[in-house]
Amino acid sequence: MQKFRIYFFFFLSVFILSCEKHIPKKSLLALGDNYTVGEGSLENQSWPNQLKDSLANFNIFISRPTIVAKSGWTTNELKIGIDNASLNYPYDWVSILIGFNNHYKGGNIIDFKEQFEIILSEAIAFSGNIKENVLVISIPDWGITPFAQGRNRKKIEKEIDNFNQI
């Protein structure tokens, strides 16, 4: 009887592992800046990887996210990064989390709007022209963090809101 249990659990494990390989995985392209790469945190704590792990709880499996992002990037630098990346699209989902550095570096909101619209158009193309599969993540209000101490937090909040309206 003990030998039967060992064989049973062995074959059950092999069956489960082989089924797992056949579960179709979705693809995610994450475009962005420091918040996308998870500046100051481990890779598995970046927002695309947290999304991947969270969706797995709902039996939605994502292969390793493709990330085109770097700390300090503005929309202009992200566009250059996209142009220089080797992307294998279409992706099931594309996310955009950009704008923090445009704001932080005192960038012009009109320039941000023009550059963001170009990135958004490309993101839609990367999703196979399914705009519903493009996630635009709002710029976090860094004015509430200790980093903004001594600065005009209300002004930061209002400016971030204006950028996020775009």
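Just so it is clear, the model here is predicted, and its values are computed rather than measured. (Residues numbered from 1 in each chain as written. Predicted model: local features only at pLDDT ≥ 70, side-chain atom pairs only at ≥ 80, totals over all residues. Heavy atoms only, no water.)

**Q** Can you help me understand the overall build of the protein chain in this one?
**A** Along the protein chain, the regular secondary structure elements total seven helices and four strands. Put simply, the protein chain has 166 residues, and 32% of those count as buried. Taking all contacts inside the protein chain whose residues are at least 6 apart in sequence as the whole, residues at least 24 apart take part in 72%. Accessible surface, the protein chain as shown: approximately 10,700 Å² in total, 56% of it carbon and sulfur. (Helix = DSSP H or I, 4+ residues; strand = E, 2+ residues; numbered from the N terminus. Buried < 20%, exposed > 50% of the residue type's maximum accessible area, 1.4 Å probe, protein only. Contact = heavy atoms within 4.5 Å. Areas by Shrake-Rupley, 256 points an atom, 1.4 Å probe, with all protein chains shown as cover.)

**Q** Looking at this model, I keep getting lost on the packing of aromatic side chains. Mind explaining?
**A** Each aromatic ring pair is described using two quantities: the centre-to-centre distance and the angle formed by the ring planes. One pass over the full model with this rule turns up nine aromatic pairs. Consider the rings of Phe-100 and Tyr-104, whose centres lie 5.6 Å apart with planes at 15°: the pair is stacked. Placement of both Phe-100 and Tyr-104 in helix H5 (residues 100-104) is noted, with a separation of four residues, approximately one turn of the helix. With relative accessibility at 34%, the residue Tyr-104 sits in the partly exposed group. Taken together, the aromatic side chains of Tyr-35, Phe-100, Tyr-104, Trp-142 and Phe-147 make up a single cluster linked through ring pairs. (Phe/Tyr/Trp six-rings, centres within 6.5 Å; stacked < 30°, edge-to-face > 60°.)

**Q** Sorry if this is basic, but what is going on with the nonpolar core here?
**A** General note: in soluble globular proteins, nonpolar side chains tend to be found buried as a group. Core analysis: the biggest nonpolar cluster contains 24 residues, and Leu-29, Leu-31, Val-68, Leu-78, Ile-82, Val-94 and Ile-96 have the highest contact counts within it. Elements represented by at least two residues in this core include exactly strand S1 (28-32), helix H4 (75-84), strand S3 (93-97), helix H6 (109-126) and helix H7 (153-165). Per element, the largest residue contribution to this core is five residues, and it comes from H6. With residues near it in sequence (within four places) discarded, Leu-29 still touches Thr-66, Val-68, Leu-87, Tyr-91, Trp-93, Val-94, Ser-95 and Phe-126. (Core = buried A, V, L, I, M, F, W, Y, C linked by side-chain atoms within 4.5 Å.)

**Q** Could you clarify how one ought to interpret the environment of Pro-65 in this entry?
**A** By the element assignment, Pro-65 lies in the loop between helix H3 (47-56) and strand S2 (66-69). Classification of Pro-65 as buried rests on a relative accessible area of 8%. Sequence separation of Pro-65 and Val-94 is 29 residues, and the distance between their C-alpha atoms is 9.7 Å. With near-sequence residues (within four places) excluded, Pro-65 lies in contact with Leu-28, Pro-48, Asn-49 and Lys-52.

**Q** What am I meant to see in the sheet that holds S2 here?
**A** By definition, the strands of a sheet pair up through backbone hydrogen bonds, in either a parallel or an antiparallel sense. Spatially, S2-S1-S3-S4 is the arrangement adopted by the four strands of the open sheet, whose pairing is parallel. Looking at strand neighbours, the two that pair on one side only are S2 and strand S4 (134-136), the edges of this open sheet. Pairs of neighbouring strands in the sheet enclose a mean axial angle of 15°, with direction left out of account. (Pairing = 2+ DSSP bridges. Axes fitted to C-alpha atoms, helices over the stretch in contact; angles between N-to-C directions.)

**Q** Explain unusual backbone geometry here, please?
**A** With the exception of glycine, the majority of residues adopt a negative phi angle, and the majority of peptide bonds are in the trans configuration. Backbone torsion omega between Tyr-89 and Pro-90 reads 15°, so that peptide bond is classified as cis. As for its placement among the helices and strands, Pro-90 is situated in the loop between H4 and S3. For Asn-59, which is not a glycine, the phi torsion comes out positive at approximately 60°. For Asn-59, a relative accessible area of 60% corresponds to the exposed category. Residues other than glycine seldom take positive phi values, yet Asn-129 does so here, at roughly 65°. Mapped onto the secondary structure, Asn-129 falls in the loop between H6 and S4.

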